[in-house]
Amino acid sequence: MTAQKFTAHGKDVGGIPVARLLPQAGRRTIGAWCFLDHIGPARFEAGSPGLQVGAHPHTHLQTFTWMLEGELLHRDSLGTRQLIRPGQVNLMTAGTGTAHGIAHTEQSPEGVRSLHAVQLWIALPMNQSIAPGFVHYPELPTWQEGGVRYVLTTGSFQGRTAPTMQHSPLLGVDVQCQAAARLPIPCQCGWEYGVLVIAGQVRIGDETFGADTLAFIAAGETQLAIEAEAGSHFLLLGGEPLPHPTLMWWNFVADSREALARAVDEWNNHSPRFGEEIDLTDTSLRRLQAPAVPGNLR
């Protein structure tokens, strides 16, 4: 078995440094997972605003927030106002088609002094008609076996199924190893897999992966064997690739450059496509401007 290694690129999101694993030049997606940020762990001094991400839009994707430490307040153009805490998932759906989109803000509540999370995006199948929406999942399947703690964030694994809504077949499992462990994981036919190492070290095939590295396993394997050292923490992802091209620019997903350019123009000109304007008068947040799509984007 061959696992391809990708190292994170450092980014700044809302004033917080993050490790970005997807997309990269050599790997754009894992199944329908198309974006992967490891945020923190970050500690804030007294008086620090923490994470502050102003109103910004999305098309043809879902934002999937997996909270590990701290709290975040989510607000969106559907009127949602939801606090997310550790062990919970926020799933926001932008919808598909030229008439659908969504906008939201994310911010650390006053007094919260830490933040640790994984922010993922899921590209939506554009051959389906999907409406915008938001669902908060406060409880997920959690169990321990052989010194390993599992939280199933989406999909089915080891006879359990998460309640998280899906529009294409996906898997997400948070795995924490109190002791060293060897984990044999059966692979679904035609699926791609990824392993994001959050802490510690794991070995897959002949390659070792440390914190903020991503292992990619192409479709065709029947079993994935992960050897994890004691104290390791990683996120196992899997999914079936979508049957159409997935292009990304800024916060948009589409199937063509023209569709991305149209989304940029509509957001910057306050199109009703993105729902109600989020009231920012009570905060220091600002509405973000979408940058123009480069002519050479492929």
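Note that the coordinates shown come from a computational prediction; the quantities given were computed from them, not determined experimentally. (Residues numbered from 1 in each chain as written. Predicted model: local features only at pLDDT ≥ 70, side-chain atom pairs only at ≥ 80, totals over all residues. Heavy atoms only, no water.)

1. What to know about the side chain of His104
- Checked against the element boundaries, His104 lands in strand 10 (residues 102-107).
- A distance of 2.9 Å separates polar atoms of two side chains, one belonging to His104 and the other to His56.
- Within the structure, His104 has its side chain in polar contact with the side chain of His58 (distance 3.1 Å).
- Apart from residues no more than four positions distant in its own chain, His104 is found in contact with Gly54, Ala55, His56, His58, Thr63, His74, Arg75, Asp76, Met92 and Ile278. (Helix = DSSP H or I, 4+ residues; strand = E, 2+ residues; numbered from the N terminus. Polar contact = N/O pair within 3.5 Å; in protein donor to acceptor, adjacent residues only side chain to side chain. Contact = heavy atoms within 4.5 Å.)

2. Thoughts on the pattern of salt bridges
- The full count for this structure, using the stated rule, is 8 salt bridges.
- The salt bridge involving Glu207 is made with Lys5; its shortest N-O contact spans 3.3 Å. Here Lys5 lies in strand 1 (residues 4-7) and Glu207 lies in strand 21 (residues 207-210), a separation of 202 residues in the sequence.
- Using a relative accessible area of 36% as the deciding quantity, one classes Lys5 as partly exposed.
- Two residues, Arg43 and Glu69, come together in a salt bridge whose shortest N-O distance is 3.3 Å. With Arg43 in strand 4 (residues 33-43) and Glu69 in strand 6 (residues 61-70), this residue pair connects regions lying 26 residues apart in the sequence. (Salt bridge = Lys/Arg side-chain N within 4 Å of Asp/Glu carboxyl O. Buried < 20%, exposed > 50% of the residue type's maximum accessible area, 1.4 Å probe, protein only.)

3. With respect to the sheet that holds strand 23 (residues 223-228)
- Overall, antiparallel pairing links the 4 strands, which are arranged 18-23-20-21 in an open sheet. In this open sheet, the two strands that pair with only one neighbour each are strand 18 (181-186) and strand 21. Taking the axes of each pair of neighbouring strands and ignoring which way they run, one obtains an average angle of 25° across the sheet.
- Pairing of strand 20 (residues 201-204) with strand 21 involves 4 bridges; the strand directions are antiparallel. Within strand 21, the position partnered with Val202 by the bridge is Phe209. (Pairing = 2+ DSSP bridges. Axes fitted to C-alpha atoms, helices over the stretch in contact; angles between N-to-C directions.)

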